[in-house]
Amino acid sequence: MWNHQLRAALAGLAVAASFSTSASAESVLRVAMTAGDVPITIGHPDQGFEGYRFVGYNLYDSLIAWDLSSADKPSGIVPGLATSWEVDPANKNRWILKLREGVRWHDGAPFTADDVVWNFEHLLDSKVPHYHAAQAASVKARIISIKNVEKVDDMTIAINTTDPTALLPYQLAYVLLVSPHRYKEVKGDWDAFGKNPSGTGPYLFSKLVPRERIELVKNTNYWDPKRIPKHDRLVAMPMPEATTRSAALLSGQVDWIEAPLPDTIPRLEKAGMKIVSNAYPHIWSWELSYQPGNPWSDVRVRKAANLAVDRAGMKEMLGGLMIESTGNVEPDHPWYGKPAFQIKTDKEAALKLMKEAGYGPGKPVKVKMAISTAGSGQMQPLPMNEFVQENLRDIGINVEFEVMDWNALIETQRKGVKAPETMQAGINGINFSRNTQEPFGAICRFAQTDQASPKGANWGHYSNPEIDAVCAKAVVEFDPEKQASLFAEAHQKMVDDALMIWIAHDVNPRAMSPKVKGFVQSKNWFQDLTPVTVAP
Amino acid sequence: MLYYILRRILYAVPIALGVSIVCFSLVYLAPGDPLQTLLPDDTPPEAVAELKAKYGFDRPVPMQYLFWLGNVLTGDFGTSIGTGRPVIEEIGRALSNTLLLGACAVAVAFTLAIIIGGVGGYLHGKVSDKVVTSIAIFGVSVPNYWLGIILVIVFAVELNLLPAVGMGKSGSQGFGLDLESLKYLILPTITLALVPLGIIARTVRASVAEVLGHEFVQTLRAKGLSERGVLRHVVKNAAAPVLAVMGLQFGHLIGGSIVVETVFSWPGTGFLLNNAILRRDVPILQGTILVLALMFVLTNLLVDLLQTTLDPRIRRA
């Protein structure tokens, strides 16, 4: 009883502290998202990584966090609610994590090992009442190797895995922890929890109006004083129409918009808006079918296609808002390696390879690509795909498109090249943008034989025993440097075998009012909004 | 009359049932899956299967439909796959916002259409008539998404007189009948009103011009009835076809517009439907379309009743 009252009082104080500043001259950061609705607030959000960016990582923390402090270096992982982690030297299937002392949930309760155990039960154990099937499914791919989580002491936990997995720290960065105390307060009603969520993140929940806005206020008691927000209130609004977002920024209704259209950027700049962009772990490529008898089965055709794409021309078409892709990651990345096959635009070399393969402009080969009209991370899919289509026609590859909406393309991707409807439609490639944030997701999932669709992301059923062997070693290599070098070796082999047609990396453009200052766009899908200030 | 009303209400049942069956079938005929956009691209198939079972998507489609229908008959519209919130709550909130916008558009479109259409019909063949006809053609021809964007650029971006998007600084929760809130209604109302304005104005013009050409009007004038008295008879005779068109347009307006609501980020049923279509949020799609269809049927019934009151010949027919 006393405990409950104390927690309520602490929560009240936290909220009161937040509002005490807002009462005078509240500084508000208003953001227009590309999402069609406010992301859900019960933990892992929907609306893709945008949901994590504006709601998930602001209300909640993970045990291990992304380092979002730098715009220059690839974004790695740093301590979050766990201060340290190590694999048990005697048992590679067991990780020991020390938890951060002195952290409190937004509801005022202290953060303990019991809470972490409860959270993993909530995602792993369908027999407990707090299990949530949709939340579990949304992170299942990240926690598939976790068998269970045990409390060692009040501030230490052990994570037991089914197999040795050196990549667990990266996976934990996606797992957001919610307050079991708030869940109990609302008597296990997740809908009620979503209307008054409680995490440990740098923002406290203030208000949610479905399809209109979510308002968060700064958590003055946040455990990391450096990340206490420098503005009082964050308002995130769903605005799926790109023109509407630009108009909202230009008319002063919002301070920040996600993904402005390339052709609106000159107008935004003319009005004094800042365009911020940076490389981030994303690829926009053509993934290919490796089914027998398929034109892409010939490495010469794959290499020729890679050499035919005029990436610089495409970049110009997009107003500079892309990075020319020569692999799943950029050449300066630790996982890039030293491929012998240099991806560049060289039409002569492409024509020569096509001739060797028995094709050419006079004897074209036909392929069919599944593409979408729009979609999360798809950039400008129609003009970009048509651009590549023109490039490939010049060397004797005639591309036909199977155009579908985003939802249908996701299904085509998930079911893989062997799905009856895909085979019946004669589709032998797919343009599907991907996240390459952590090493397995960046490299091995596209190439390993046992990641063939529908189980994994190897859409076209590529198989290369050498890559399989390197990837198998990489996932059990616990030394970070050796692990990075193994992933680089796998990636090098992928490029040398021209596993896909690499075209672009997105640069995640966003436009903001000149009043917005202090934002550092990290090389990550997620961003730290806490240092942002908004001038009156 | 009571028998007529009861009969019309009974007609609404098969219509609603038909609409729900067509809608359900279309959702499943379209490629894509309700759970695709919810889950990351590398979600294991067993996790997808578990979630499908939880939402009942693993059952045969006819069973899913019957299960849904059974729940709806008991007042349970289910929960949204995307947000986890009750569908009825989502529809209620969106519908109130759409009704507000629709009512304003009805007021603007109907009033202006009757005035300019009436003037055009009364002054048939004169310059005023040509002006009215031009306005009507403009209203019918201009795509409303284009008009919406142009209005935003002119009045919100360039002149900074009106807000570009949304329902106010605090959204629909803070919407009130104050000047600040009403400013948010102006641009979407004009955009939404333009098409029905054109359609109704043309109908009013044609109907008034036609009635004015009838012999009884000449008789009324020959008998020395004042022009105001003549007009009263003309309006009464011209009202029936106009009411029918107005009824249809009323149904369209209160049904919400996906395009207008998306352009202005107006959180109504159009915005809700657009999001539900993209995400294949079947419970939201089904519930919203059913409610809108019933409202459309109800509106048509009210218009029919009004028509029979004005012109008893319709009931006898």
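Residues numbered from 1 in each chain as written. Chains lettered and ligands numbered in written order. Predicted model: local features only at pLDDT ≥ 70, side-chain atom pairs only at ≥ 80, totals over all residues. Heavy atoms only, no water.

1. Quick word on the overall build of chain A
The following threshold applies: Secondary structure is summarised from DSSP: a helix means a run of H or I of at least four residues, a strand means a run of E of at least two, and numbering begins at the N terminus for each. All radius of gyration figures rest on C-alpha atoms, and the globule criterion is 2.2 Å times the number of residues raised to 0.38. Each residue is assigned to one of three classes by its accessible area relative to the maximum for its type, calculated with a 1.4 Å probe on protein chains only: buried under 20%, partly exposed between the two thresholds, exposed over 50%. Should any heavy atoms of two residues lie within 4.5 Å, those residues are considered in contact. All accessible areas in this document rest on Shrake-Rupley with a 1.4 Å probe, and a residue is counted as covered only by the protein chains that are shown. The charge count includes Lys and Arg as positive and Asp and Glu as negative, but it does not include His or the ends of the chains. Charge placement uses NZ in Lys and CZ in Arg. For Asp and Glu, CG and CD serve respectively.
A tally of regular secondary structure across chain A gives 18 helices and 24 strands. A compact globule built from 536 residues would reach a C-alpha radius of gyration of about 24 Å, and chain A, at 24 Å, matches this within 12%. Reported as C-alpha extents along the three principal axes, the dimensions of chain A are approximately 85 × 60 × 40 Å. Of all 536 residues assigned to chain A, the portion counted as buried reaches 62%. If you take every contact in chain A between residues at least 6 apart in sequence, the share linking residues at least 24 apart comes to 70%. Taken as a whole, chain A presents about 19500 Å² of accessible surface, with 54% of it coming from carbon and sulfur. Separation of charge centres in chain A, based on 57 positive and 61 negative side chains, amounts to 1 Å.

2. Description of the nonpolar core
So the rule is basically this: Buried Ala, Val, Leu, Ile, Met, Phe, Trp, Tyr and Cys residues that are joined via side-chain atoms within 4.5 Å together make up what is termed a nonpolar core.
Within the largest apolar cluster, 135 residues are counted, with the highest numbers of intra-cluster contacts made by Leu63, Phe120, Trp256, Trp286, Leu392 and Ile397 of chain A. Excluding its chain neighbours within four sequence positions, the residues that come into contact with Trp286 of chain A are Met369, Asn385, Val388, Gln389, Leu392, Val399, Phe401, Ile430, Asn431, Met500, Ile501 and Ile503 of chain A. Counting residues in hydrophobic clusters, the runner-up holds 57 residues, among them Met237 and Ile257 of chain A together with Leu253 and Trp266 of chain B.

3. Observations concerning the interface of chain A and chain B
What counts here: Using a 1.4 Å probe, buried area is obtained as the accessible area two parts lose upon being combined, added over both of them. In the sections that follow, a salt bridge refers to a side-chain nitrogen of Lys or Arg positioned within 4 Å of a carboxyl oxygen of Asp or Glu. Charged means Asp, Glu, Lys or Arg here, nonpolar means Ala, Val, Leu, Ile, Met, Phe, Trp, Tyr, Cys or Pro, and polar covers whatever is left, Gly included.
Listed by partner, the interface residues are 48 residues for chain A and 57 residues for chain B. Counting the surface lost from both chain A and chain B, the interface buries some 4300 Å², and carbon and sulfur atoms represent 52% of this. In terms of surface lost to chain B, no three residues of chain A exceed Arg211, Asn407 and Arg414 of chain A, which account for 17% of the buried area on that side. Along the contact surface separating chain A from chain B lie six salt bridges. A salt bridge links Asp37 of chain A to Arg85 of chain B, with the shortest nitrogen-to-oxygen separation between them at 3.7 Å. For the side of chain A that touches chain B, the secondary-structure elements that each account for two or more residues are helix H4 (133-143), helix H7 (190-195), strand S10 (203-209), helix H8 (242-250) and helix H14 (406-415) of chain A. When its residues are assigned to classes, the side of chain A that touches chain B shows 21 nonpolar, nine polar and 18 charged.

4. Points about helix H5 (residues 127-141) of chain B
Structural remark: α-helix, 3.6 residues per turn; residues separated by three or four positions point the same way. Residue and element names in this part refer to chain B. Note the following rule: The length a helix should cover is 1.5 Å for every residue beyond the first. What the arc describes is the spread of directions from the helix axis to the C-beta atoms.
End to end, H5 covers 21 Å across 15 residues, agreeing with the expected 21 Å (1.5 Å per residue, within 8%). Listed as buried for H5 are Asp129, Val132, Ala136 and Gly139. Each buried residue of H5 sits inside an arc of 90 degrees when the element is viewed along its axis, so together they form one side. Away from its buried face, by an angle of more than 90 degrees, H5 presents the exposed residues Val127, Lys130 and Ser141.

5. A closer look at the sheet that holds S10 of chain A
Residues and elements named next belong to chain A. Quick reminder of the rule: Pairs of strands are assigned from DSSP output, requiring at least two bridges between the strands. To get an axis, fit a line to the C-alpha atoms, keeping to the stretch in contact for a helix; angles then go from 0 to 180 degrees between the N-to-C directions.
Reading across from one edge, S10-S11-S12-S1-S13-S22-S14 is the order of the seven strands in this open sheet, with mixed pairing throughout. Strand pairing shows two members of the sheet lacking a second neighbour, S10 and strand S14 (274-276), which therefore form its edges. Taking the axes of each pair of neighbouring strands and ignoring which way they run, one obtains an average angle of 20 degrees across the sheet. Contacts between H8 and the sheet are confined to strand S1 (28-33), strand S13 (256-258) and strand S22 (510-512), with S13 contributing the most and set at about 170 degrees to the helix.

6. Describing the pairing of strand S21 (residues 500-505) of chain A
Residue and element names in this part refer to chain A. Burial runs high along S21: six of the six residues are buried. Judged from the four bridges that link them, strand S15 (residues 282-288) and S21 form a sheet pairing that is antiparallel. Directly across from Glu287, in S21, lies its bridge partner Met500. Relative to S21, strand S16 (residues 323-324) runs antiparallel, the two sharing two bridges. Across the sheet, Ile323 pairs through a bridge with His505, a residue of S21.

7. A word on the packing of aromatic side chains
What counts, and what does not: Classification of ring pairs rests on two measures: the distance between centres of Phe, Tyr or Trp rings, Trp counted by its six-membered ring, which must be within 6.5 Å, and the angle between planes, read as stacked under 30 degrees, edge-to-face over 60 and tilted in between. Only when the NZ of Lys or the CZ of Arg is both within 6 Å of the ring centre and within 35 degrees of the ring normal is a charge said to sit over the ring.
Under the definition given, this model contains 28 aromatic pairs over all chains. Ring geometry for Tyr52 of chain A and Tyr57 of chain A: centres 5.5 Å apart, planes at 45 degrees, overall tilted. By relative accessible area, which is 13% here, Tyr57 of chain A ends up buried. Summarising the aromatic geometry, the rings of Tyr55 of chain B and Phe57 of chain B are spaced 6.2 Å apart at their centres and angled 35 degrees between planes, so their arrangement reads as tilted. Every member of this aromatic cluster is reached through a ring pair, and the members are Phe49, Tyr52, Tyr57, Trp66, Tyr174, Tyr280, Trp525 and Phe526 of chain A. Positioned above the aromatic ring of Phe478 of chain A is the side chain of Lys92 of chain A, whose terminal nitrogen or guanidinium carbon lies 5.2 Å from the ring centre.

8. Quick look at the pattern of salt bridges
Summed over all chains, the structure comprises 37 salt bridges over all chains. Where salt bridges share partners, they join Asp37, Asp191, Lys195 and Arg211 of chain A together with Arg85, Glu89, Glu90 and Arg93 of chain B into one cluster.

9. Considering the sheet that holds strand S8 (residues 156-161) of chain A
Strand pairing within a sheet occurs via backbone hydrogen bonds; the two strands may be parallel or antiparallel. Residue and element names in this part refer to chain A. Taking strand neighbours across the sheet as the criterion, the four strands line up as S5-S6-S8-S7 in an open arrangement whose pairing is antiparallel. On the outer flanks of this sheet lie strand S5 (82-88) and strand S7 (146-153), each paired with one strand and no other. Ignoring strand direction, the axes of neighbouring strands in this sheet form an average angle of 20 degrees. Sheet strands touched by helix H3 (residues 113-124): strand S6 (91-99), S7 and S8. Its angle to S7, the strand with the most contacts, is close to 165 degrees.

10. A word on the side chain of Asp255 of chain A
Residue and element names in this part refer to chain A. Selection criterion: Think of a polar contact as two N or O atoms within 3.5 Å of one another; within protein, one of them needs to be a possible hydrogen donor and the other a possible acceptor, and neighboring residues in sequence only count if both atoms come from side chains.
On the secondary structure map, Asp255 appears in the loop between H8 and S13. Here the side chain of Asp255 touches Arg30 through a polar contact of 2.8 Å, side chain to side chain. With near-sequence residues (within four places) excluded, Asp255 lies in contact with Val28, Leu29, Arg30, Leu249, Ala511, Met512, Ser513, Lys515, Val516 and Val534.

11. Some remarks on the confidence of the model for chain A
Note: predicted coordinates in regions of low pLDDT should not be interpreted at a detailed level. Heads up, the rule is: Per residue, pLDDT measures the predictor's confidence, with a range of 0 to 100.
Looking at chain A as a whole, its pLDDT mean stands at 93, while 96% of the residues score no less than 70. Within the model, pLDDT remains below 50 along residues 1-23 of chain A, and this stretch shows 26 contacts once partners closer than five positions in the same chain are excluded.

12. Observations regarding the state of the cysteines
All names here are of chain A. Quick note on the threshold: Criterion for a disulfide: a pair of cysteine sulfur atoms within 2.5 Å.
Counted by the stated rule, this structure contains one disulfide over all chains. Across the disulfide from Cys444 sits Cys471; the S-S distance is 2.1 Å. In this structure, the disulfide formed by Cys444 and Cys471 twists by about -90 degrees around the S-S bond and is classed as left-handed. Placement of the pair is Cys444 in the loop between helix H16 (439-442) and helix H17 (465-474) and Cys471 in helix H17, with a sequence separation of 27 residues. On the basis of relative accessible area, Cys471 is assigned to the buried category, the value being 0%.

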